[in-house]
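These are the residues of each chain, in order.
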Amino acid sequence: MRSKFENASLVEQILDAIRNSILAGELQPGAHIKIKEVADQLGVSMIPVREALARLLASRLVTIEANRGYFVASKPTVTQFADFIDARVLFETSAVRAGFSNASKADIVQLEKLNNKMRKISKKRSVVVNVEWGSLNHQFHKILVGLTRNEFLVNLYEDLSLGSLQFQLYRSGNDSFPDFKRLIVEHDNIIESLEKRSLEDLIFNLTEHIKAIGLQHYDAANSKH
């Protein structure tokens, strides 16, 4: 969290910086996030830091304790993660159904670009790559939600961090989670469904893709016992 930001989208940039620090393991579960310290590191005032942290509460990456402040949340349990997967399937498939008719060639091109970026970085495994992958994946799924052309839904999806929340599980140190190659192929299937204008295939491929993350998490968690 060393970068200093311009005024444009200041809160969003601070939010991304804090979120990435959590996903990268720089801020460990239970760590106290000191507002003044974060503000000094980023070269900003404490006001936008407070707002960014307040927005991060919805993502469950951070928690707040009365008279103590903000803390990095504990890693989700397998059961909590399964509930998250079910909620994400419901949210994203409902958004795609509502916005399917709005899908344009530009949307498809953007999805292809993002997946190609993920394909390029998937050959390496590191903290930096994990965080970059999480960000690209979040953008990919936000485009799908954005087919609704509903700014409120897109902002809600962004605040909930639904596209990248699972990547906080990298803090468990399991190098095999998730299977990048498999997820890239699943992204290709989603894009192909859009190109073919098949809503049925799109819903199926999107549902299976989101559930695959949950299955990989379950397998990774069990492999550690």
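Look up: the structure comes first, before these words.
Note that the coordinates shown come from a computational prediction; the quantities given were computed from them, not determined experimentally.

Here the focus is the packing of aromatic side chains. Under the defined criterion, the tally for this structure stands at two aromatic pairs. A centroid spacing of 5.7 Å and a plane angle of 40° characterise the contact between Phe91 and Tyr157, whose relative ring orientation is tilted. Of this pair, Phe91 sits in helix H4 (residues 78–99) while Tyr157 sits in helix H7 (residues 151–160), and the two are 66 residues apart along the sequence. With respect to class, Phe91 is no different from Tyr157; both count as buried. Residues Trp133 and Phe180 carry aromatic rings whose centres are separated by 4.0 Å and whose planes lie at 20° to one another, so their mutual orientation is stacked. Within this pair, whereas Trp133 is found in helix H6 (residues 127–145), its partner Phe180 is found in helix H8 (residues 180–195), the two being separated by 47 residues in sequence. The residues Trp133 and Phe180 share a single accessibility class, namely buried.

It is worth spelling out helix H5 (residues 105–121) at this point. The end-to-end C-alpha distance of H5, which contains 17 residues, comes to 25 Å, matching closely the 24 Å that a straight helix rising 1.5 Å per residue would cover. Of the surrounding secondary structure, the elements contacted by the buried residues of H5 are H6 and H8.

Moving on: the side chain of Ser193. Tracing the backbone shows Ser193 in helix H8. Within the structure, the side chain of Ser193 is placed 2.9 Å from the backbone oxygen of Asn189, a separation counted as a polar contact. Setting aside anything within four residues of it in sequence, one finds Ser193 in contact with Ser198, Asp201, Leu202 and Asn205.

Mapped onto the fold, Glu92 is located in helix H4. Put simply, Glu92 and Tyr157 are 65 residues apart on the chain and 9.0 Å apart in space, counted from C-alpha to C-alpha. Look past the residues within four positions of Glu92 in its chain and what remains in contact with it is His141, Val145, Tyr157, Leu206 and Ile210. Among the polar contacts listed, one links the side chain of Glu92 to the side chain of His141, at a separation of 2.8 Å.

Conventions used here
Numbering of residues starts from 1 in each chain and follows the order in which that chain's sequence is written. At least 70 in pLDDT is required for a residue's local features to be given in this predicted model, at least 80 for side-chain atom pairs to be given and counted, and no such filter applies to totals for whole chains, interfaces and linings, which use all residues. To get the side-chain values, take all heavy atoms of the structure and skip hydrogens and water. When two rings of Phe, Tyr or Trp (its six-membered ring) have centres within 6.5 Å they constitute a pair, described as stacked for plane angles under 30 degrees, edge-to-face for angles over 60, and tilted for the intermediate range. Starting at the N terminus, helices and strands are each numbered in turn, a helix being any DSSP run of H or I of at least four residues and a strand any DSSP run of E of at least two. Each residue is assigned to one of three classes by its accessible area relative to the maximum for its type, calculated with a 1.4 Å probe on protein chains only: buried under 20%, partly exposed between the two thresholds, exposed over 50%. Here the expected span of a helix is defined as 1.5 Å times the quantity of residues minus one. Here, residues are in contact when the closest pair of their heavy atoms is within 4.5 Å. In protein, a polar contact requires one atom able to donate a hydrogen and another able to accept it; more generally it is a pair of N or O atoms within 3.5 Å, and residues adjacent in sequence count only if both atoms are side-chain atoms.

Keep in mind these values describe shape, not function.
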